[in-house]
Amino acid sequence: QVQLVESGGGLVQPGRSLRLSCAASGIIFFTYTMGWYRQAPGKQRELVASITRDGSTNYADSLEGRFTISRDNAKNTVSLQMNSLKPEDTAVYYCNARKRLFDGRLVDYWGQGTQVTVSS
């Protein structure tokens, strides 16, 4: 059974930092591209950052370099360091594991999400 369990969310003041973590089980972790997505109230889920099996990263343009994604294949974890947080970063953050199989099918797994609220 695949599980992606996020942790580290909470309430934080603007300008402060938070670190989200996602622990994966039930998958061959190093073979997956891992990502963080977020969904704010009334908005569509959007990609925040992703990291491939070889460590290549991709970030949403809107982040302006404030977030950093990393992975630890030995611990089956992916993290998101979020600095200089803004109220508009408020959302539920979801961990994602994705890979394309040899037959072309795309496999996607999602965590249940962790709330991040940026407010004074």
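Since the model is a prediction, treat every value here as computed from it, not as a measurement. (Residues numbered from 1 in each chain as written. Predicted model: local features only at pLDDT ≥ 70, side-chain atom pairs only at ≥ 80, totals over all residues. Heavy atoms only, no water.)

Asks: Tell me about the overall build of the protein chain, residues and numbers included.
Replies: The helix and strand inventory of the protein chain stands at 0 helices and 11 strands. The linear arrangement of helices and strands in the protein chain, starting from the amino end, is β-β-β-β-β-β-β-β-β-β-β. For the protein chain, the C-alpha radius of gyration of 14 Å lies close to 14 Å, the compact-globule estimate for 120 residues. Taken along its principal axes, the extent of the C-alpha atoms in the protein chain is 50 × 30 × 25 Å. Here the protein chain holds 120 residues, and the buried ones make up 37% of them. Of the roughly 6,700 Å² that the protein chain leaves accessible, carbon and sulfur atoms contribute 47%. Charge separation in the protein chain, taken as the distance between the mean sites of 14 positive and 10 negative side-chain charges, equals 4 Å. (Helix = DSSP H or I, 4+ residues; strand = E, 2+ residues; numbered from the N terminus. Rg over C-alpha atoms; globule rule 2.2 N^0.38 Å. Buried < 20%, exposed > 50% of the residue type's maximum accessible area, 1.4 Å probe, protein only. Areas by Shrake-Rupley, 256 points an atom, 1.4 Å probe, with all protein chains shown as cover. Lys, Arg positive; Asp, Glu negative; His and termini not counted. Charge placed at Lys NZ, Arg CZ, Asp CG, Glu CD.)

Asks: Before we move on, could you go through the packing of aromatic side chains and cite the residues and values that matter?
Replies: Counted according to the given criterion, the structure contains 2 aromatic pairs. With a centroid separation of 6.1 Å and 50° between ring planes, the pair formed by Tyr32 and Tyr109 is classed as tilted. With Tyr32 in the loop between strand S3 (18-25) and strand S4 (33-39) and Tyr109 in strand S10 (residues 106-110), this pair connects stretches of sequence that are 77 residues apart. On the basis of relative accessible area, Tyr32 is assigned to the buried category, the value being 6%. Relative to Trp110, the ring of Tyr37 lies with its centre 4.9 Å away and its plane at 70°, an arrangement referred to as edge-to-face. With Tyr37 in strand S4 and Trp110 in strand S10, the pair connects residues that are 73 residues apart, well separated along the chain. Above the plane of the ring of Tyr94 lies Arg45, whose end atom (NZ or CZ) is 3.7 Å from the centre. Above the face of the Trp110 ring, Arg45 is positioned so that its terminal group lies 4.6 Å from the ring centre. (Phe/Tyr/Trp six-rings, centres within 6.5 Å; stacked < 30°, edge-to-face > 60°. Lys NZ or Arg CZ within 6 Å of the ring centre and 35° of its normal.)

Asks: Can you break down the pattern of salt bridges residue by residue, with the values?
Replies: Enumeration over the complete set of coordinates arrives at 6 salt bridges. Where Arg38 meets Asp89, a salt bridge forms, and the shortest distance between an N and an O atom there is 2.9 Å. Residue Arg38 is located in strand S4, and its partner Asp89 is located in the loop between strand S8 (77-82) and strand S9 (91-100); the two are separated by 51 residues in the primary sequence. For Arg38, a relative accessible area of 7% translates into the label buried. Taking the shortest distance from any N to any O, the salt bridge between Glu64 and Lys86 comes out at 3.0 Å. Of the two residues, Glu64 sits in the loop between strand S6 (57-59) and strand S7 (67-72) while Lys86 sits in the loop between S8 and S9, which places them 22 residues apart along the sequence. The exposure class of Glu64 is exposed, given its relative accessible area of 58%. (Salt bridge = Lys/Arg side-chain N within 4 Å of Asp/Glu carboxyl O.)

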